[in-house]
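Coordinate analysis (summary)
One letter stands for each residue in the lines below.
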Amino acid sequence: MSLPKNTTVLIVGAGPTGLASALSLLHHGFKDFVIVDAVVKGDNSSRAIAVHAATLEALDVIGCGDELASKGTKITSVDFDTRTGALARLTFDTLEPHTRYPYVLIIPQTFTEHILGEKLASFGVTVHRPHKVDGQVITTRYVIAADGARSAIRTIANIGFVDPKGDTVDDSTSLVQIALADVTFDNPELSHSNFRIVMSANNPFLFAPLPFTFNEYLAKETGKPIVVERIFRIARGASIEEGPVPHAPSKAYIQDLVNKFGPLDLSSDPSVNQSGKGVCVKEVIWSSRVRTCAAVANTFFTRLSLGDLSKPEGAAILLVGDAAHIHSPAGGQGMNLGLRDAVFLGEALAKHVKATESMLLSEADDILTKFVTERHARALEVIGFTKNLLSAAGVNDEIVAWWLPVSKVTLRDWAIWILGKVYYLRKQVVWGFSGLGRR
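What you see is a predicted model, and the numbers here were worked out from it, not measured in a lab.

Scoring rules and cut-offs
- Residues numbered from 1 in each chain as written.
- Predicted model: local features only at pLDDT ≥ 70, side-chain atom pairs only at ≥ 80, totals over all residues.
- Heavy atoms only, no water.
- Phe/Tyr/Trp six-rings, centres within 6.5 Å; stacked < 30°, edge-to-face > 60°.
- Helix = DSSP H or I, 4+ residues; strand = E, 2+ residues; numbered from the N terminus.
- Buried < 20%, exposed > 50% of the residue type's maximum accessible area, 1.4 Å probe, protein only.
- Lys NZ or Arg CZ within 6 Å of the ring centre and 35° of its normal.
- Core = buried A, V, L, I, M, F, W, Y, C linked by side-chain atoms within 4.5 Å.
- Contact = heavy atoms within 4.5 Å.
- pLDDT = per-residue confidence, 0-100.
- Expected span 1.5 Å × (residues − 1).
- Pairing = 2+ DSSP bridges.
- Right-handed = clockwise from strand over helix to strand, strands pointing away.

A few words now on the packing of aromatic side chains. The description of an aromatic ring pair uses the distance of the two centres, along with the angle that the planes make with each other. Using the criterion set out here, one finds eight aromatic pairs in the structure. When the ring of F111 is compared with that of Y217, the centres are 5.0 Å apart and the planes differ by 25 degrees; the resulting orientation is stacked. Residue F111 is located in helix α4 (residues 109–121), and its partner Y217 is located in helix α6 (residues 212–222); the two are separated by 106 residues in the primary sequence. With a relative accessible area of 5%, F111 lands in the buried category. Pairwise contacts between aromatic rings join F111, F214 and Y217 into one cluster. It is R236 that lies over the ring of F261; its NZ or CZ is 3.5 Å from the centre.

Below is the structure:
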């Protein structure tokens, strides 16, 4: 489909953040926008799986929260274990007085994108695909850059994108890369397993049940027979000294991770598995790798110049989602922050468009400046939060100090055990994950 020659708002990127931006604009009565994406529908990879309470609350404002919640797995607790036993169970019931969504919703990013895309299509909006930033001309007053961490729009606007603390990834003891896979197992009894995080030296191992609605979605999208077993997300970090994680980890690679770092009751070795029977990875549905770097744009709002650099009055450039900020997957915060950016941007942008009808552009821009200042602060908070989680997860198995001859891993595990026993501590940690304190 050819692009129109003119529009008021151009949304570049039709992932969850771009789609949510469009839905938010519609919710606030604004329809003069065009949304484009560089890839054909279904080409995007499935990385994020967690949607937290604050994000569901935001999506509820634009009529998407309950629909998304109905399709995902509602996780009301997370088990923190060692390979051989339990450490703590983190329950989310402490959120009940504060939200309609007192849980973590587990739903793959591709499925979230599909649901938001279907919602947008129900309003008669078409995503123009595939269109890249490659010389096609469209006249617009606003550009919403939802085109990811390697944003072409951010580059064109000459906006810097760096780690706010100047950290690098050359520390060989840091968790800097993560292997991800959606898999099935040959043991149907695993179907009712809970969300588990297995703590070990250097890096944790994550095991999360995906909703059966995802199986149905995959069958419809791929045309393949439906996968009858429950699909699980497997994730495990690796330091630089362990070597690079393959671009698309194989079944054998994933099985090796499960055997070496997963709970023993998932081991394929009967002599190790506590049940006396081996559990094997049956099928790898999807696999990939991610880096755990962090970065934030210098600003989320600027204007292109029309020739006079002292008076930039060209199109407004607004960054959302990964185009504005990236950080490690720890705590499942990335897509959540991007979705909240998008939902709140719709209201701010609709106000700005209205304000320009009666105010000078420089005065109206205060609306957008205030908005991006708040979102930039939120991004820095989330980056700090995920860095702290990453530090705790990537503890090395070494002595704390000569005067405290205890392993750092043991000390961390003790802290997690205490966390599971103290209500106030559990409440604080759950509140941090939920995002309700930093929407």
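Before going further, it helps to examine the nonpolar core. General note: in soluble globular proteins, nonpolar side chains tend to be found buried as a group. Within the largest apolar cluster, 105 residues are counted, with the highest numbers of intra-cluster contacts made by V9, F33 and L349. For L349, the contacting residues outside a window of four places in its chain are V9, L25, Y142, I144, L318 and L368. Counting residues in hydrophobic clusters, the runner-up holds 19 residues, among them A181, F205, F207 and I254.

When pLDDT is low, close inspection of the predicted coordinates is not appropriate. Counting all residues, the mean pLDDT for the chain is 92, and 95% of those residues have values of 70 or more. Low pLDDT (under 50) marks residues 169–173, which in the prediction has twelve contacts with non-local residues, meaning those over four places away or in another chain.

With twelve residues, helix α11 (residues 423–434) should reach 16 Å at 1.5 Å per residue; the first-to-last C-alpha distance of 16 Å fits that figure. Inspection of α11 places R426, V430, G432, F433 and S434 among the buried residues, and these make up the whole buried set. Contact partners of the buried residues in α11: α2 (53–61), β6 (86–91), α9 (361–393) and α10 (408–421). One or two steps after α11, the chain reaches G435, where phi turns positive at roughly 80 degrees.

Of the two faces of strand β2 (residues 33–36), the one lined by F33 and I35 and the one lined by V34 and V36 are each fully buried. Summarising the sheet, strand β1 (residues 9–12) and β2 pair through four bridges and their orientation is parallel. Following the sheet pairing, I11 is matched in β2 by I35. In the classification by handedness, the crossover that spans β1, the intervening helix α1 (residues 16–27) and the parallel β2 is right-handed.

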